[in-house]
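# Fold and geometry: a report
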Amino acid sequence: MNQIERRDAGLPYIADESVMEQMKQARRLTQELNTVDRSDYKKIAELTKKLLGKSEGAMINPPFYCDYGYHIEVGKNFFANYNCTILDVAKVTIGDNCQMAPNAAIYTAGHPVHPDTRNTAYEYGIPVTIGDNVWIGGNAVICPGVHIGNNVVIGAGSVVTKDIPDWSIAAGNPCRVIRKITEADRKLYFGKLEFDDEGWTDACRIMEENA
């Protein structure tokens, strides 16, 4: 197999000229995205769709960095805030209504632990999967091979090295489940603070429309 075939088969590979050639398109697009007029939301949305391919309502606040772009699959209403990095050597699958805060990062790429092996220039990619309705806090890092379930909140500064189950609030380094999200959380917006009556009435209307 050539190095591209090895990479896509999930085997150790070397980023040779053929691999680097595939990365050029993403570098061109991210360069354009990262230098566009930041107030031109329409152009940003167009470049986001061009970079990620299949997407519906996706939006990225530049700057944004990735290796290929086409290895990233996002659902509806994906949002990545400033300075997001996704190293998509392997497939990154993200569900609907997912939000990534500033400086959040997803890494599928890795290198051998032993220095002799690492110095051969062989590297690898292990897929990452993120479910629906996930909020990833600022400066969080999602490591290779991680699966994050549906309806999860990852706290700011977390380093996620293991799978996180559905309906969880998880945080820390390494990231651990703190508690489950319950019906009691529905009317809250920060800690124990509750929506005001006007805001809650409007939020309920929007939830009904989204149902």
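Structure: see above.
Being a predicted model, the structure only gives us computed values, none of them experimental. (Residues numbered from 1 in each chain as written. Predicted model: local features only at pLDDT ≥ 70, side-chain atom pairs only at ≥ 80, totals over all residues. Heavy atoms only, no water.)

So, about the sheet that holds strand 14 (residues 141-142). Taking strand neighbours across the sheet as the criterion, the five strands line up as 3-6-9-14-17 in an open arrangement whose pairing is parallel. If you trace the sheet from one side to the other, it starts and ends with strand 3 (64-66) and strand 17 (159-160), each paired once. (Pairing = 2+ DSSP bridges. Helix = DSSP H or I, 4+ residues; strand = E, 2+ residues; numbered from the N terminus.)

Looking at the largest pocket, its volume works out to about 1300 Å³. Lining the largest pocket are 33 residues, with Trp135, Val153, Ile181, Asp185 and Leu188 positioned closest to its centre. Going through the elements one at a time, strand 16 (153-154), strand 18 (168-171), strand 19 (176-180), strand 20 (188-190) and helix 5 (197-210) are the ones with two or more residues in the lining of the largest pocket. In terms of residue count, helix 5 provides more of the lining of the largest pocket than any other element does, four residues in total. Looking at side-chain class alone, the lining of the largest pocket contains 19 nonpolar, ten polar and four charged residues. (1 Å grid on protein atoms, 1.4 Å probe; cavity = no way out; pocket = protein on both sides within 12 Å on 5 of 7 lines; lining within 4 Å. Points joined across faces, edges and corners; volume = space filled by probe spheres on them. Nonpolar A, V, L, I, M, F, W, Y, C, P; charged D, E, K, R; others polar.)

What follows is about the sheet that holds strand 2 (residues 59-60). Read across the open sheet, the seven strands follow the order 2-5-8-13-16-18-19; overall the sheet is mixed. With partners counted over all chains shown, the strands left at the sheet margins are strand 2 and strand 19, one partner each. Direction of pairing for strand 13 (residues 135-136) relative to strand 16: parallel, over a ladder of two bridges. Opposite Ile136, over in strand 16, you have Ile154 as the bridge partner.

Let us look at the packing of aromatic side chains. One pass over the full model with this rule turns up three aromatic pairs. Summarising the aromatic geometry, the rings of Tyr189 and Phe195 are spaced 5.8 Å apart at their centres and angled 75° between planes, so their arrangement reads as edge-to-face. Every member of this aromatic cluster is reached through a ring pair, and the members are Tyr189, Phe195 and Trp200. (Phe/Tyr/Trp six-rings, centres within 6.5 Å; stacked < 30°, edge-to-face > 60°.)

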